[in-house]
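Observations on the three-dimensional arrangement
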Amino acid sequence: MRAGSVLRRCGPVLLVLPLLLFICLFFLWPIVMVLTQSVSDNAVLRLLPRTALVAADWDGKSAPDTTLQLAFVTDLRSVTDDQAMGDMVRRLNSAQPGFRTLMSKTIKAAGEQRDGPIDLIALDRKWGQPQYWKAITDALSPTTDRYLLASVDLMRNDAGDIISQPPEHTINRAVFARTFWICAVVTACCLMLGYPFALLITIATGWKKQVLLAAVLLPLWTSLLVRTAAWFILLQEKGLINDALMSLGIISSPLSLIFNRSGVIIAMTHVLLPLMVLPIYSVLLTIPRNLMPAAASLGAHPIRAFLRVLLPLSFNGIAAGSLLVFMSAIGYYITPALIGGAGDQMISSFIAFHASNSGNWGMASALGIVLLAVTIVLYAVYDRLVAPRERNV
């Protein structure tokens, strides 16, 4: 009896355990890893452990003494991983320009003279300047907010205060603004096209309803790359759209619809339209069909009845669809990369660049954290707007 009682108590937990493991493995763990990468900074510390110990006694204002120089040279001689050395040089060069050539000269000298100290200041006068050693000591901390600040074009000055980066280095804010603007326009376009289509599906019957639903669902079963490539063919100067418009005499010369913002918005609207239609359609199904005739019988104009009756009742579907479209759009990479030009790339392209080309996982993770924060804020706003309406229903 006791074993059966324990089994009954643990039964529900065992049933949901696979789901909990799946969530932890594929959702929580990646988020934790991204958070860790965005504040982790061990590219220098793991290669310069002796320097880290000696640098604790350096005043940070004068030229380093021979003890600090010897510890630094000894650490350089101990490095056997060329990739790790490259990561350290990139990290230091991003903090203090000129480190790449300085480190190349120093590594070469340390390799030629395998024992004893090296007069680094005699090797290069830059080693006598405190800012280069300050860059090293600042990079010896295992954690940093450098990437998170840089993701929104901020930095710390020598006093440790947070300031804006120089204008020639500020790009992330502009890219985020461009990303959110494109996503907002795509969301608005999806809403203007999706709401009438969802309403049409709701009032349709029989095979017409099935055809309209299939028109929404079939694109979801097609690869995103295939759909984007199709728009690449349709939107080009000699594509189907321009040929059709010129054949009808609507235009006299081909429209520029590709490698610009217009093409990106058109392609993304088509790709994301089902995410707007389906939530609105699911809400419209729950609204009694006699409400609009009842409003008309009371003398309301169809437009007034729509604005005062149907539209407010379908607000939850509009909010859910808009949230889905916007949150999906901010992470789009393939469509802007293929259809857009250089000035139409969204933040996902920069994340891919930092992760794949430059190998700067910290910066890529920090940019991803900003998108995650925006997503959480959007969901909180959605919950604040929709939850009270659901409680009042």
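Residues numbered from 1 in each chain as written. Predicted model: local features only at pLDDT ≥ 70, side-chain atom pairs only at ≥ 80, totals over all residues. Heavy atoms only, no water.

**A look at the overall build of the protein chain**
Helix and strand counts for the protein chain stand at 19 helices and 2 strands. At 30 Å, the protein chain has a C-alpha radius of gyration far larger than the 21 Å of a compact globule built from 393 residues. Taking the principal axes of the C-alpha coordinates as reference, the protein chain spans close to 95 × 85 × 35 Å. Across the 393 residues that make up the protein chain, the buried fraction comes to 36%. In the protein chain, once contacts between residues fewer than 6 apart in sequence are set aside, the share between residues at least 24 apart is 70%. For the protein chain, the exposed area adds up to about 22500 Å²; of that, 66% sits on carbon and sulfur atoms. With 31 positive and 23 negative side-chain charges, the protein chain shows a spacing of 16 Å between the two charge centroids. (Helix = DSSP H or I, 4+ residues; strand = E, 2+ residues; numbered from the N terminus. Rg over C-alpha atoms; globule rule 2.2 N^0.38 Å. Buried < 20%, exposed > 50% of the residue type's maximum accessible area, 1.4 Å probe, protein only. Contact = heavy atoms within 4.5 Å. Areas by Shrake-Rupley, 256 points an atom, 1.4 Å probe, with all protein chains shown as cover. Lys, Arg positive; Asp, Glu negative; His and termini not counted. Charge placed at Lys NZ, Arg CZ, Asp CG, Glu CD.)

**A look at helix 7 (residues 130–138)**
Within the sequence span of helix 7, burial applies to Y132, W133, A135 and I136. Viewed along the axis of helix 7, the buried residues span an arc of 150°, placing them on a single side of the element. Buried residues along helix 7 sit against helix 2 (49–55), helix 3 (66–78), helix 4 (82–95), helix 5 (99–112) and helix 6 (120–123). (Arc of directions from axis to C-beta.)

**Structural notes on the nonpolar core**
Within the largest apolar cluster, 51 residues are counted, with the highest numbers of intra-cluster contacts made by V186, M268 and L272. The set of elements that each furnish at least two residues to this core consists of helix 8 (146–150), helix 9 (172–203), helix 10 (206–217), helix 11 (224–235), helix 13 (261–284), helix 16 (315–329), helix 18 (347–357) and helix 19 (361–392). Here this core takes 11 residues from helix 13, the largest share from any one element. Listed in part, the 29 residues of the second largest apolar core include A84, W133, I136 and L140. (Core = buried A, V, L, I, M, F, W, Y, C linked by side-chain atoms within 4.5 Å.)

**Quick word on unusual backbone geometry**
Located in the positive-phi region is D153, a residue other than glycine, with phi close to 60°. Note on placement: D153 falls in the loop between helix 8 and strand 1 (154–156). With a relative accessible area of 2%, D153 lands in the buried category. Phi angles above zero are rare outside glycine, and F259 is one such case at about 60°. Note on placement: F259 falls in the loop between helix 12 (240–247) and helix 13. For F259, a relative accessible area of 49% puts it in the partly exposed group.

**Some points on helix 13**
End to end, helix 13 covers 33 Å across 24 residues, agreeing with the expected 34 Å (1.5 Å per residue, within 8%). Roughly 45° is the biggest bend found in helix 13, and it falls at L272, with proline P274 one to four residues downstream. (Expected span 1.5 Å × (residues − 1). Bend = angle between axes of the 7 residues up to and from the residue.)

**A short note on the packing of aromatic side chains**
Tallied over the full model, the rule gives 12 aromatic pairs. Between F99 and W127, the ring centres sit 6.0 Å apart and the planes meet at 70°, which makes this aromatic pair edge-to-face. Pair noted here: F99 is in helix 5 and W127 is in the loop between helix 6 and helix 7, with a separation of 28 residues, a long-range link. Accessibility classification places F99 together with W127 in one group, the buried group. Taken together, the ring pairs connect F72, F99, W127, Y132 and W133 into an aromatic cluster. (Phe/Tyr/Trp six-rings, centres within 6.5 Å; stacked < 30°, edge-to-face > 60°.)

**Points about the confidence of the model for the protein chain**
A residue-level look at the protein chain finds 96% of positions with pLDDT of 70 or above and a mean pLDDT of 87. Averaged pLDDT values over the elements of the protein chain bottom out at 80 in helix 1 (residues 2–39) and peak at 94 in helix 9. (pLDDT = per-residue confidence, 0-100.)

**Here's the deal with the packing of helix 3 against helix 5**
Between helix 3 and helix 5, the shortest axis-to-axis distance is 9 Å and the interhelical angle comes to 80°. When the axes of helix 3 and helix 5 are compared, the pair comes out roughly perpendicular. Residues F72, V73, L76 and R77 of helix 3 form the contact with helix 5, whose own contacting residues are M103, T106 and A110. Across the contact of helix 3 with helix 5, the residue classes break down as 5 nonpolar, 1 polar and 1 charged. (Axes fitted to C-alpha atoms, helices over the stretch in contact; angles between N-to-C directions. Parallel < 35°, antiparallel > 145°, perpendicular 65-115°, else oblique. Nonpolar A, V, L, I, M, F, W, Y, C, P; charged D, E, K, R; others polar.)

**Observations concerning the pattern of salt bridges**
In the structure shown here, the tally under the stated rule is 8 salt bridges. Close ionic contact of R46 with D87 constitutes a salt bridge, the shortest N to O distance being 3.7 Å. Of this pair, R46 sits in the loop between helix 1 and helix 2 while D87 sits in helix 4, and the two are 41 residues apart along the sequence. Residue class for R46 comes out partly exposed when judged on its relative accessible area of 49%. Measuring nitrogen to oxygen at the nearest pair gives 2.8 Å for the salt bridge that ties K105 to D124. (Salt bridge = Lys/Arg side-chain N within 4 Å of Asp/Glu carboxyl O.)

**Some details on a nonpolar patch on the surface**
There is a patch of nonpolar side chains on the surface, built from L19, F22, I23, L25, F26, F27 and L28 and spanning about 690 Å² of accessible area. Structurally, the position occupied by F27 is in helix 1. Assessed through its relative accessible area of 47%, F27 is described here as partly exposed. (Patch = residues over 30% accessible without salt bridge, like charges linked within 9 Å, V, L, I, M, F, W, Y side chains within 5 Å.)

**Some words on the environment of A267**
Positionally, A267 belongs in helix 13. Here the alpha-carbon distance between A267 and T228, two residues 39 residues apart in the chain, equals 6.6 Å.

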